[in-house]
Structures are given as C-alpha cells and as structure tokens.
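# An overview of the molecular structure
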Amino acid sequence: HQCLYWIDVRAQQLLKLRPESAAIDRWDLPEVVGALGLCTGNQVCLALTHRLVHLQLDTGRMDDFATLENEPRTNRLNDGKVSPSGNWFVFGSMDDSLQKSATGALYSVSATGKVNLLHEGLTVCNGIAWTLDTTSLYFSDSAKGLLYRAPWNEQTGVMGPPGIFATLNEEQGRPDGAVVDLDDNYWSAGVSAGCINILSPAGRIIQRLPLPLRAPTMCAFGGPLGDVLYVTSLIRPQWPTAGQHDGALLRIPLLTRGPTTPLFRS
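Structure report, in brief. (Residues numbered from 1 in each chain as written. Predicted model: local features only at pLDDT ≥ 70, side-chain atom pairs only at ≥ 80, totals over all residues. Heavy atoms only, no water.)

## Focus on the side chain of E31
Here E31 is to be found in the loop between β3 (23-28) and β4 (35-38). In this structure E31 comes out as buried when scored by relative accessible area, which is 18%. Among residues more than four places away in sequence, those in contact with E31 are Q12, L48, T49, H50 and R51. (Helix = DSSP H or I, 4+ residues; strand = E, 2+ residues; numbered from the N terminus. Buried < 20%, exposed > 50% of the residue type's maximum accessible area, 1.4 Å probe, protein only. Contact = heavy atoms within 4.5 Å.)

## Here's the deal with the packing of aromatic side chains
Evaluation of the coordinates by the stated rule reveals eleven aromatic pairs. Ring geometry for Y5 against W27: centres 6.5 Å apart, planes inclined by 35°, an arrangement best described as tilted. Residue Y5 is found in strand β1 (residues 4-8), and its partner W27 is found in strand β3; the two are separated by 22 residues along the sequence. For Y5, a relative accessible area of 15% puts it in the buried group. The exposure class of W27 is buried, given its relative accessible area of 15%. Ring geometry for F65 against F264: centres 5.9 Å apart, planes inclined by 75°, an arrangement best described as edge-to-face. Of the two residues, F65 is situated in strand β7 (residues 62-67) and F264 in the segment after β23 (250-253); the sequence distance between them amounts to 199 residues. Overall, the relative accessible area of 16% leaves F65 in the buried class. (Phe/Tyr/Trp six-rings, centres within 6.5 Å; stacked < 30°, edge-to-face > 60°.)

## Section: the sheet that holds strand β19 (residues 195-199)
The pairing of strands in a sheet happens through backbone hydrogen bonds and is either parallel or antiparallel. Strand order in the open sheet formed by four strands is β17-β18-β19-β20, and the pairing between neighbours is antiparallel. Across the chains shown, the open sheet's two edge strands, defined by having one partner strand only, are β17 (175-180) and β20 (205-210). With direction set aside, neighbouring strand axes in the sheet form an average angle of 25°. (Pairing = 2+ DSSP bridges. Axes fitted to C-alpha atoms, helices over the stretch in contact; angles between N-to-C directions.)

## Brief notes about the state of the cysteines
Evaluated as defined, the whole model comprises zero disulfides. Between C3, a free cysteine, and C39, which holds the nearest cysteine sulfur, the sulfur-to-sulfur gap is 16 Å. Cysteine C125 remains unbridged, with the sulfur of C45 as its closest cysteine sulfur at 15 Å. (Disulfide = S-S within 2.5 Å.)

Dropping the structure here:
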C-alpha cells in the first residue's frame, strides 16, 4: 500500500502515514503499545501491555490473540518483528519501572496464538532482526548495551543459545530498534547517542549515521525500492527542554536498500 505504520508508545496510538500526501491516520488504543507487525488481510498485530491483539484497520475492531500470563506486573511488552517467512511474530518485554530489573524476556508466537519463551533475564528487550539467510536472530538488551545473535530455525521457530554479537555503550549509542539491510548489515538505533550504528555481520561498527535528534528508537526501510530509511524517536520526561526534532519521525533517502517487510500469516 506504500504506507508507513508506526506507534506512539505513551500516547497509546497506532499511526499511518501516506508519504505522497503526508496524510496521517490514528487509532487510539486502550493500553500502552510496545510493537506492531503488519499482517495478511487488512490488519496489524499489536503488542499491548501484557497481550497481543489483532486490530482491523477498516473497522477498528480489536481481537485478543495471545496473553502473557507470567509477565511481572511492572513489565510491559516492547519491540516486535515479523519473521522473514511470516510464520512467527517475535517480541520482547521490559521492566517499565524507574528502577529496572532483568525481568524482561524474548518470545515468539505462531499464527495459532501459541507463545514460546525464547530467552529470559533481559532488562529492556529490543533490536529484533534476522540475517538475510534467516539462520540467525538478533536481539538486544538496551539497558545493558548488549547485542545478541542466536541460531534460528525459521521453519520451527526455535532459537539456539545466544552469544554476544557486540557491546555498545552510552557514548556509542545503546542499541534500541534495528533492521538488517540487503548487504546483511545490522542497523541499530543508538538511543543514547542520537545516531544509527551500522554493524557488519562480524559485529564491527562500519558506519555511524548521525541524526538531528537525541534518542532514535527504531529504523525501517521503506519506499518503492526500499531505499528510504524511516526513523522514530522519543522525548524523555526528565529533559528540561526538547530539541526541534526530538520525538520526530525522520525520512532519510539512502543508496543502501532493505528487504521487503514480511507479513504475519494471521
């Protein structure tokens, strides 16, 4: 449809941008929203506080899809991505309290709503993406600055033991949302340093893309050729003033291209 969908976590909204006209549609949500996935049919999958729902875009109807029964009360769901085949929606959780603990986790859910626990002990789960050959899954712990890579079976949705792919500190840009380009490089939103860090498959930073804002949260490729980067950002409540572009959505034309966004087979 050549439209961009994104979320405003604290405003509890799903937004849709039509780039040609700059028209924006909004759906108000009943809870904080941590992630979205595009689905087959005219719907999206949303990760709300402790549950996954399908939102029908034409009617606004919301249907529960799966519930996370064992998530701590102070946690919420955060970040999610449809797997390359569309068979899985992989998502994480985080401690949403001020004094954060490692109570977050990484999960996958199938089209039937069956949830599998993939990894525990994360503080803020983020950075979900796959290598182009789909054999490895990336994710991160934004609070600790750790990027992980794990063996992944796209047919079964099973993840192997993760290893540390890279460590990014406060000055480099702690890893938030991420995407992989057609060269198999990992683009990580440096939420603490106002940049996008581009890492090679070996885990080395090969380029740093500075941004006109302080806290980018997610990046995604779009446009007809996949050569436009869209970047979301946040404003922190403790900042005395917000800069001109803090909290903005950026559109950056590139020479690099990204793969087509898969659709969850709901």
